[in-house]
Amino acid sequence: MSLPAVLERIAKACGRVGRDPKGVRLVAVTKEHSVAEIQEQVLRYGRFPLGESRIQEALPKMEALEAEWHFIGPLQRNKAKFAVRFELIHSIDSLRLAEAVARKALENGKVQRVLLELNLGREPQKHGFLEEELPQAMAQIQALEGLRVEGLMTVAPYTDNPETVRPIFAQLSRLADRYGLPERSMGMSGDLEVAVEEGATLVRVGRAIFE
């Protein structure tokens, strides 16, 4: 597939539910891809956010390419000083991590834009707050100076039938609405249409762009 083909999938999904495609941003997941590949398969088509999930891999690319960088993977507290170089962090999954990022943001004189990661599929191997943990976590993290919580993120359970994870995406949208948050980061190569139909504003796609 290719980036234009992914954009067409997004547009068709928007059309089915009466959404403006401009309300959905494609985050190109560039982990394990070279600067040359990113230039050829993503940036030649325009300025898209670039998503990385490993700090060590991301930093050289960030030096080489001027782009809007998003951090989308699990983040260790000791990497917070590097994470605040990203425009948006999708994966705040604990109060202690939020506190570490907030401290480094203040040290750098910025307010870091973040999303809180939810484990709505309740999968033990995945990161993220459980739904019942969200009210307390939201209150504590929104109170931190140096952070701005802009939305929620989830990674749905893997499935060959995307319809089975529609309730998870719908729930993320309801929770974002409940807290008055504009951003919903959900949907990847295999399930992005369902995510868009349920209100995704950010879809994280790698395989469908580069393979």
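Residues numbered from 1 in each chain as written. Predicted model: local features only at pLDDT ≥ 70, side-chain atom pairs only at ≥ 80, totals over all residues. Heavy atoms only, no water.

- Looking at an unreviewed UniProt entry, one finds the chain named Pyridoxal phosphate homeostasis protein, with Meiothermus taiwanensis WR-220 as its source organism.
- Entered under Function (unreviewed entry) in the UniProt record, the comment concerning the chain runs "Pyridoxal 5'-phosphate (PLP)-binding protein, which is involved in PLP homeostasis." (UniProt positions renumbered as here; feature names shortened; annotations may be inferred.)

### Digging into the UniProt feature "domain: Alanine racemase N-terminal" (unreviewed entry) in the chain
(1) Moving on: UniProt records the feature "domain: Alanine racemase N-terminal" (unreviewed entry) for residues 9-210 in the present numbering.
(2) Moving on: Here residues 9-210 runs as 37% helix and 19% strand, with 15 Å between its end C-alpha atoms. (Helix = DSSP H or I, 4+ residues; strand = E, 2+ residues; numbered from the N terminus.)

### A closer look at the environment of Gly73
(1) Moving on: Secondary-structure assignment places Gly73 in the loop between β3 (69-71) and α4 (80-83).
(2) Moving on: With relative accessibility at 3%, the residue Gly73 sits in the buried group.
(3) Moving on: The sequence separation of Gly73 and Gly51 amounts to 22 residues, and the corresponding C-alpha distance is 8.7 Å.
(4) Moving on: The contact partners of Gly73, leaving out residues within four places of it in the chain, are Glu52, Ser53 and Ser91. (Buried < 20%, exposed > 50% of the residue type's maximum accessible area, 1.4 Å probe, protein only. Contact = heavy atoms within 4.5 Å.)

### A few points about the pairing of strand β8 (residues 202-205)
(1) Moving on: Burial of the side chains of β8 extends over both faces: Leu202 and Arg204 are buried on one face and Val203 and Val205 on the other.
(2) Moving on: Pairing between strand β1 (residues 25-29) and β8: four bridges, direction parallel. Looking across to β8, one finds that Leu26 is bridged to Val203. (Pairing = 2+ DSSP bridges.)

### Section: the layout of surface pockets
(1) Moving on: Considering only enclosed or pocket space, the largest pocket measures out at about 750 Å³ in volume.
(2) Moving on: Forming the boundary of the largest pocket are 30 residues, of which Val29, Lys31, Val155, Met188 and Arg204 lie nearest the centre.
(3) Moving on: Contributions of two or more residues to the lining of the largest pocket are made by β8 and α9 (207-210).
(4) Moving on: Taken together, the residues of the lining of the largest pocket break down into 12 nonpolar, eight polar and 10 charged. (1 Å grid on protein atoms, 1.4 Å probe; cavity = no way out; pocket = protein on both sides within 12 Å on 5 of 7 lines; lining within 4 Å. Points joined across faces, edges and corners; volume = space filled by probe spheres on them. Nonpolar A, V, L, I, M, F, W, Y, C, P; charged D, E, K, R; others polar.)

### A word on the UniProt feature "modified residue: N6-(pyridoxal phosphate)lysine" (unreviewed entry) in the chain
(1) Moving on: In the numbering adopted here, UniProt assigns the feature "modified residue: N6-(pyridoxal phosphate)lysine" (unreviewed entry) to Lys31.
(2) Moving on: Looking at the element boundaries, Lys31 is found in the loop between β1 and α2 (35-41).

### Details of the side chain of His70
(1) Moving on: Its place among the elements puts His70 in strand β3.
(2) Moving on: At a separation of 2.9 Å, a polar atom in the side chain of His70 contacts the side chain of His90.
(3) Moving on: Setting aside chain neighbours within four positions, we find His70 in contact with Val27, Pro49, Leu50, Gly51, Glu52, Phe86, Glu87, Leu88, His90 and Leu202. (Polar contact = N/O pair within 3.5 Å; in protein donor to acceptor, adjacent residues only side chain to side chain.)

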